[in-house]
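Residues per chain are reported as follows:
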Amino acid sequence: MRTLAEHTTTTAAEALEAAEVAVLPVGSTEQHGPALPLGMDHLAAEAFARTATDREDAVVLPTLPVGVSVHHRQFDGTLYVSDETFERYVTETIESVAEHGLRKAVVVNGHGGNSPALNRAARRLRDERTAFAPPWNWWDGVEDLAADLFDEDGGHADAAETSLLWHLHEDLVDPDALETAEDGASDSWGESVAGAAVAFDTIDFSDSGAVGRPTQADPEKGERLFEAGRDRLDALLDWLVERPLADCWPGEHK
Ligand SMILES: [Zn+2]
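A brief structural summary. Computed from a predicted model, the values in this text were never measured in an experiment.

1. Points about the coordination of the zinc ion
Around the zinc ion, the donor atoms from the protein are His 32 (NE2), Asp 41 (OD) and Glu 161 (OE), and they sit 2.0 Å away. Donor residues for the zinc ion sit on one chain with the sequence pattern H-x8-D-x119-E.

Take a look at the structure:
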């Protein structure tokens, strides 16, 4: 089946009529070290979201490719919008699909920096009873498998991300640059002193822009991550399709 953008307005009417859930992929265009393309996060989100085109009860919306990435701005090629702009853009995109009758959605997210805005958007849409639109972060969906496959406390351009993209877009990964990525990587996200987070930009703690152990990446492991994530997303969509809209809204005051 097609994504919404691949329909005409005539065929979209039928697809929207048959659907129960919208699927909105969101990501970023930001540095991912020397081995991965800037589009890593939105390419990942798009690939997971596109698996839902197999379902008649879902409509896959166009990918939002620029996210909340100000903390990567010192690295070439990084694009970003503010947290507030991103929240509004997501909120209004879902409001527009709700106008066509689809009031349940899953936001398939590829970038951790988007999460605060997505959580606020989901809360507001629910409070206003416009739509129920929980975000789904692909890395959370595959957390257990990633912990089995890789020895890293990663988080950015790490072995998990690299493996996934190597499986999805082999031509966009530069395996020869993985050593450089890892040599300049930090072992974990950020820097803290006496419990206070003292790093604000990625460049404060990572020379290469990577965080984790990207040399452990392997496209076959990426395929396993992709299949596991696809199954988790499918399970979430099953749950949301079955859930009555009335049960999606906030509870009454006790
Ligand atoms: Zn990423």
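Text resumes after the structure shown.
2. Some points on unusual backbone geometry
Backbone geometry at Ala 157 places phi at a positive 50°, although glycine is not the residue there. By the secondary structure assignment, Ala 157 is in the loop between helix H6 (143–149) and helix H7 (159–168). What makes Ala 157 buried here is its relative accessible area of 3%. Positive phi values are uncommon outside glycine, yet Ala 194 reaches one of about 50°. Mapped onto the fold, Ala 194 is located in the loop between strand S5 (192–193) and strand S6 (196–197).

3. A look at a negative patch on the surface
Together, Asp 140, Glu 143, Asp 144 and Asp 148 make up a region of like negative charge exposed at the surface. Locating Asp 140 in the fold gives a position in helix H5 (residues 138–141). In this structure Asp 140 comes out as partly exposed when scored by relative accessible area, which is 42%.

Rules behind the numbers
Counting restarts for each chain: residues are numbered from 1 in the order of the written sequence. Since the coordinates come from a predicted model, pLDDT governs what is reported: local features require at least 70, and pairs of side-chain atoms require 80 or more to be given and counted, while whole-chain, interface and lining totals use all residues. For the side-chain quantities, the full set of heavy atoms in the structure was used; hydrogens and water were omitted. Here the term donor refers to an N, O or S atom within 2.8 Å of the metal (or 3.2 Å for Na, K and Ca), and because water is left out of the atoms, sites may appear incomplete. For the purposes of this entry, the term helix denotes a DSSP run of H or I that reaches at least four residues, the term strand denotes a run of E that reaches at least two, and both are numbered from the N terminus. A simple rule labels every residue: compare its accessible area, found with a 1.4 Å probe on the protein chains alone, to the largest value its type can have, and call it buried under 20%, exposed over 50%, or partly exposed in between. Nonpolar side chains (Val, Leu, Ile, Met, Phe, Trp, Tyr) within 5 Å and like charges within 9 Å form the patches, drawn only from residues with over 30% relative accessible area and no salt bridge. Only the protein chains shown count as covering a residue, and every accessible area follows the Shrake-Rupley method with a 1.4 Å probe. Salt bridge, as used here: a side-chain nitrogen of Lys or Arg that lies within 4 Å of a carboxyl oxygen of Asp or Glu. A residue counts as positive if it is Lys or Arg and as negative if it is Asp or Glu; His and the chain ends are not included. To locate a charge, take atom NZ for lysine, CZ for arginine, CG for aspartate or CD for glutamate.

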